[in-house]
Protein chains: 2
Amino acid sequence: MPPTQPSTRDRILQAAIELFYAHGYAATGMAEILKKADANSGSFYFFFTSKEDLLMAVLDWYQASLGPVLLAPVFKKSQDPIRRIFLLLEKYRQNVLATEFAFGCPLGRLALEIDPDRRPVHDKIAANFTGWSRAVQELLEQARRQGQLPRRCDLRQLSRFVLTVMEGAVMQARSYQCIEPFDDCIAQLEAYFKELRTAAQDENGKKANVKKPNPSRRRK
Amino acid sequence: MPPTQPSTRDRILQAAIELFYAHGYAATGMAEILKKADANSGSFYFFFTSKEDLLMAVLDWYQASLGPVLLAPVFKKSQDPIRRIFLLLEKYRQNVLATEFAFGCPLGRLALEIDPDRRPVHDKIAANFTGWSRAVQELLEQARRQGQLPRRCDLRQLSRFVLTVMEGAVMQARSYQCIEPFDDCIAQLEAYFKELRTAAQDENGKKANVKKPNPSRRRK
């Protein structure tokens, strides 16, 4: 059987994903999308009511792709939860390098580009941020069960913090047009995780002391 | 003497600063700038060669204002270097709230909006980032001299990290349209500084032990 051809809707969607990523939403014209998708405006309006409607579909696609397209290939490389988080950040580093520092995260760019009045669009961007952060939070919870993170650490906060660091790091790499600011920020996040691991070890040590009090002390 | 009237150039510059901040660079038209500045296109082209030339002047203005406009009022509130950093972040929190989550940092927005091919513009954005980070680095160096940060911490990296956290936090607040993601990220940065302070205290304790060895140990 011959390979399945992508449908017209899929071609329009993929063209939009690539063009919004490369040039932003406002700078991408309808004519450009139709040309890239090899589609005409009649078929566009059969599937989408407007360019913003197409953007909503793009954001749904990102949300649906998070697990299979972004996370699964990264997670294959390691079983360790903290390592998986840094492999995910490494993936963004590759994006920054592949686009010659122009981009790294399509969602971050849309978050700052799209007018704040466009609430349905921002709700979908926020939902994408939430999906990403929750995936990181699950890894953090796993790491804590393994004794790699202290009990006092708020893991929902920390998952958002990881997203924040990635977005801010991508932004600086873009303006400096070099990877150093990105690497600096990831190095600091690693340093933070190292401090947290030490704090967790201290906690575990104290816990062990409570469970098995020092016999010499008991004798006093 | 009557108060000095702002010059035509200053009026155009201030109009551009406000409009680029509120609507972005691409979405701000020349007519809008001239109307807000109460200037005509003849006087515009007397001072600026193009809209991008005006953007360059806006970025120079941000660079020149960093000390007197942004940092000085914040630094008046405290002498403690770490407290000053968090007061600076608090200032961005106020910006986010004042713009109803639409913005917080004009530079971050331009960093992701302006086409990456516009190198002279990005060089000026990067110079603004560098100015900001260096001011934070000076505070970090002061804090280390006071024993608040460990010797092993790379303060240049950490200063970039603080910028990154602010930018990523502003971005998330914009899409979620609430301050919670911003507050979460700042809370995690505070937690990191707390771990660093503990590490510095451990280092200082060890140093004190080296200087004044335990007499009971010496006797062994």
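### A closer look at the packing of helix H1 (residues 8-23) of chain A against helix H4 (residues 51-75) of chain A
All names here are of chain A. In contact at an axis separation of 10 Å, H1 and H4 are set at 85° when each is read in the N-to-C sense. Classified by the angle between their axes, H1 and H4 sit roughly perpendicular to one another. Here H1 contributes Arg 9, Ile 12, Leu 13, Gln 14, Ala 16, Ile 17 and Phe 20 to the contact with H4, which in turn contributes Lys 51, Leu 54, Leu 55, Ala 57, Val 58, Trp 61 and Tyr 62. Of the residues in the contact of H1 with H4, the class split is 11 nonpolar, 1 polar and 2 charged.

### Let's talk about the interface of chain A and chain B
At the interface, 47 residues of chain A touch 47 residues of chain B. Here chain A packs against chain B, burying approximately 4400 Å² in sum over the two surfaces, 53% of which is carbon and sulfur. One can count 10 salt bridges joining chain A with chain B. Arg 160 of chain B is the salt-bridge partner of Glu 180 of chain A, the closest N and O atoms lying 3.7 Å from each other. There are 34 residue pairs in polar contact (both at pLDDT 80 or more) connecting chain A and chain B. Where the side of chain A that touches chain B is concerned, the elements lending two or more residues are helix H6 (106-113), helix H7 (119-145), helix H8 (155-176) and helix H9 (180-211) of chain A. For the side of chain A that touches chain B, the element with the most residues is H8 of chain A, which contributes 16 residues. Class assignment for the residues of the side of chain A that touches chain B results in 24 nonpolar, 10 polar and 13 charged.

### Let's talk about the state of the cysteines
By definition, a disulfide links the sulfur atoms of two cysteine residues through a covalent bond. Counting across every chain of the model gives 0 disulfides over all chains. Summary of cysteine pairing: Cys 185 of chain B is not part of a disulfide, and the nearest cysteine sulfur, belonging to Cys 178 of chain B, is at 11 Å.

### A short note on the confidence of the model for chain A
Residue and element names in this part refer to chain A. Averaged over every residue, the pLDDT of chain A is 91; residues scoring 70 or more account for 92%. Contacts for the low-pLDDT stretch residues 215-220, under 50 throughout, to residues beyond four places or in other chains number 1 contact. Confidence estimates for the predicted assembly give a pTM of 0.90 and an ipTM of 0.89.

### Section: the relation of the copies chain A and chain B
Note on the identical chains: chain A maps onto chain B by a rotation of 180° and an axial translation of 0.0 Å, with an RMSD of 0.0 Å. Overall, the copies show the geometry of a two-fold rotation axis. Rotation axis and chain A: the residue whose C-alpha lies nearest the axis is Gly 168 of chain A, separated from it by 2.4 Å. Mapped onto chain B, 100% of the interface residues of chain A are again interface residues, and the two copies thus contact each other with one and the same surface.

### Re unusual backbone geometry
Residue and element names in this part refer to chain A. We note that Glu 100 has phi near 50°; this positive angle belongs to a residue other than glycine. With respect to the helices and strands, the residue Glu 100 is situated in the loop between helix H5 (81-98) and H6. In this structure Glu 100 comes out as exposed when scored by relative accessible area, which is 61%.

### Focus on the nonpolar core
Among soluble globular proteins, nonpolar side chains are generally buried collectively. If you look at the biggest cluster of nonpolar residues, it comprises 146 residues, and the most contacted ones within it are Trp 132 and Phe 161 of chain A together with Trp 132 and Phe 161 of chain B. Not counting chain neighbours up to four residues away, the residues in contact with Trp 132 of chain B comprise Leu 66, Leu 70, Leu 88, Leu 89, Tyr 92, Val 162, Leu 163 and Met 166 of chain B.

Each value, and the rule that gives it
Residues numbered from 1 in each chain as written. Chains lettered and ligands numbered in written order. Predicted model: local features only at pLDDT ≥ 70, side-chain atom pairs only at ≥ 80, totals over all residues. Heavy atoms only, no water. Axes fitted to C-alpha atoms, helices over the stretch in contact; angles between N-to-C directions. Helix = DSSP H or I, 4+ residues; strand = E, 2+ residues; numbered from the N terminus. Parallel < 35°, antiparallel > 145°, perpendicular 65-115°, else oblique. Contact = heavy atoms within 4.5 Å. Nonpolar A, V, L, I, M, F, W, Y, C, P; charged D, E, K, R; others polar. Buried area = accessible area lost by both parts, 1.4 Å probe. Salt bridge = Lys/Arg side-chain N within 4 Å of Asp/Glu carboxyl O. Polar contact = N/O pair within 3.5 Å; in protein donor to acceptor, adjacent residues only side chain to side chain. Disulfide = S-S within 2.5 Å. pLDDT = per-residue confidence, 0-100. Least-squares fit on C-alpha atoms with pLDDT ≥ 70 in both. Buried < 20%, exposed > 50% of the residue type's maximum accessible area, 1.4 Å probe, protein only. Core = buried A, V, L, I, M, F, W, Y, C linked by side-chain atoms within 4.5 Å.

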